[in-house]
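Single-letter residue listing:
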Amino acid sequence: CFFIMPAAASAIALLPHGVAHRLCAGQVLLDLAQTVKELMENSLDASANIIEVRLSSSGLACIDVLDNGSGVPPQYHASLALRHATSKLSCFEDLASVNSYGFRGEALSSLASLAGEPLRIVTKSAADPSEDAHELTFNHQGVLTSTAKAARGVGTTVSCTNMFARLPVRRKEFERNAKKELAKCVATLQAYALVAAGVRITLTNNNSSLLACSGKGDVRDRYTEIFGAPAAMALCALPDGITACDGAVTIKGLVSRCDVLSNGRGQANGLSRRGSPDRQFYYVNGRPVDLPRVARMVNETFRANAGPGSTGYPCVAIEITCEPEKFDVNLAPDKRKIMLHFEDALVITLRGALESVYGAQKATFERGRGSNTSVLSQRQAFVSTFAGFSATQPASKKRAAATASEPPPASQGAFAGFSATQPGAKKMRMEEE
């Protein structure tokens, strides 16, 4: 046995402010996606309806977020990037009724601490549009070091240069995984673009567009804009008027269909189901959140109704609305992990709604199986519809549409014998004649 003798006790002392600040900032802003998310939420809290995210070199060189929100009045410029400076809360009890995305006052402070260059913010307040905009510069402690007049409309622009330069290990990982980090950033903005009605959100990298959503219409319209028309057609709406907790909680949204878009082998086809849960979006009062228990139930219910041996993940966009005091968002720095006080009721209610939707789809499909012609007509109708969209879709979406339109193998039950590529097809037609 080996025993490690404890070292002599070190003196207990307070960390210097700069060290403590950098340690905490590293927990608030974990990566590119988290950085952009925090700035996006600031813009949404400022009632912006146009938000532009501009990246240079996948965010390695510069991150710019521009909005047309309410801006920041001059009297608050000095405290803008100080840690825990916020307009959302005045006491802890206010947390029970907070309706904003942010409330801790940590995002800009953390950004100033982790950026390689001083943080630059240009803002013009809607309270006095006749006043000039101001360009503000903050040091790594979030202290305002310079102010100058600038030209821009009402709103705010935040510019961050050389993110994570002051955390060498994280910076090296950021550089090594730049493409993966950029993909996570795109997925994060897609989640907000889906739920932010009336907000135009764009994302560019080196002036190349990665996301453009007008914010018009309902969730299905925005889903179509982001992921394409064939993907949106593979979704069905939950029944209207779903409630839980005696009407205190409302549920609405879209889920993958389980019937006509299956490839017959229970495998992911890119439209109604995916190989990963990358298109599963859950919202509580408009906030994108992670709900592991709810997601597990949705996946199990979908697979059970999609057929024996079904795999993959359904596409989901479910919005839950309730009073702020019915959930706790103050669990993790990124605010995606929350505690629902009504999770049991939510799971039971949502499972019942899904069973109702999928039961109706399966009943319709089974009735159609009584007539081979009817089933073939249904399938051809979907294939021809997708083919009409493929000409305007990117190459990846064309491949997905082509996959959906491929003739099924002869083992596909009711579809067997209808494929022009199967030897039995000609024999069947000759026998019918």
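Residues numbered from 1 in each chain as written. Predicted model: local features only at pLDDT ≥ 70, side-chain atom pairs only at ≥ 80, totals over all residues. Heavy atoms only, no water.

Novice: Sorry, what's going on with the environment of Ala112 here?
Specialist: In this structure, Ala112 sits in helix α3 (residues 107-114). Given the relative accessible area of 0%, Ala112 is considered buried. Residues Ala112 and Thr161, 49 residues apart in the sequence, show an inter-C-alpha distance of 9.8 Å. In contact with Ala112, not counting residues within four places along its chain, are Leu119, Asn139, His140 and Gly142. (Helix = DSSP H or I, 4+ residues; strand = E, 2+ residues; numbered from the N terminus. Buried < 20%, exposed > 50% of the residue type's maximum accessible area, 1.4 Å probe, protein only. Contact = heavy atoms within 4.5 Å.)

Novice: What am I meant to see in the packing of helix α5 (residues 178-195) against helix α6 (residues 219-227) here?
Specialist: Where α5 contacts α6, the axes come no closer than 8 Å and their chain directions differ by 150°. Between α5 and α6, the angle is such that the two are roughly antiparallel. The hand of the α5/α6 crossing is right-handed. Together, Gln190, Ala193, Leu194 and Val195 of α5 and Val219, Arg222, Tyr223, Ile226 and Phe227 of α6 make up the contact between the two elements. (Axes fitted to C-alpha atoms, helices over the stretch in contact; angles between N-to-C directions. Parallel < 35°, antiparallel > 145°, perpendicular 65-115°, else oblique. Left-handed = near helix turned anticlockwise from the far one by under 90°.)

Novice: Where do I start with the side chain of Ser256 in this structure?
Specialist: You can see Ser256 is positioned in strand β11 (residues 249-256). With relative accessibility at 0%, the residue Ser256 sits in the buried group. Within the structure, the side chain of Ser256 is placed 2.7 Å from the backbone nitrogen of Cys315, a separation counted as a polar contact. Dropping the residues within four chain positions of it, Ser256 is found in contact with Ala234, Leu235, Cys236, Leu271, Ser272, Arg273, Phe302, Pro314, Cys315 and Tyr358. (Polar contact = N/O pair within 3.5 Å; in protein donor to acceptor, adjacent residues only side chain to side chain.)

Novice: Just to check I follow, could you spell out empty space enclosed by the protein for this structure?
Specialist: Using a probe with the size of a water molecule, rolled over the atoms, empty space left in the structure can be pinpointed. Applying the stated rule across the entire model yields two cavities of 30 Å³ or more. The computed volume of the largest cavity comes to approximately 60 Å³. Around the largest cavity, the lining residues are Val72, Pro73, Pro74, His77, Thr123, Lys124, Ser125, Asp128, Glu131, Asp132 and His134. Class assignment for the residues of the lining of the largest cavity results in three nonpolar, four polar and four charged. (1 Å grid on protein atoms, 1.4 Å probe; cavity = no way out; pocket = protein on both sides within 12 Å on 5 of 7 lines; lining within 4 Å. Points joined across faces, edges and corners; volume = space filled by probe spheres on them. Nonpolar A, V, L, I, M, F, W, Y, C, P; charged D, E, K, R; others polar.)

Novice: Whenever I open this one, the packing of helix α2 (residues 32-45) against α5 confuses me. Can you help?
Specialist: A pair of packed helices is captured by two measures, namely the crossing angle of their axes and the spacing between those axes. Two elements in contact, α2 and α5, have axes separated by 8 Å at closest approach and are oriented at 25°. Regarding the angle of α2 to α5, the classification is roughly parallel. Classified by chirality, the crossing of α5 by α2 is right-handed. Between α2, through Leu32, Ala33, Val36, Lys37, Met40, Glu41 and Leu44, and α5, the contact on the second element is made entirely by Glu181, Leu182, Lys184, Cys185, Thr188, Leu189 and Tyr192. Here the contact of α2 with α5 is built from residues that sort into nine nonpolar, one polar and four charged.

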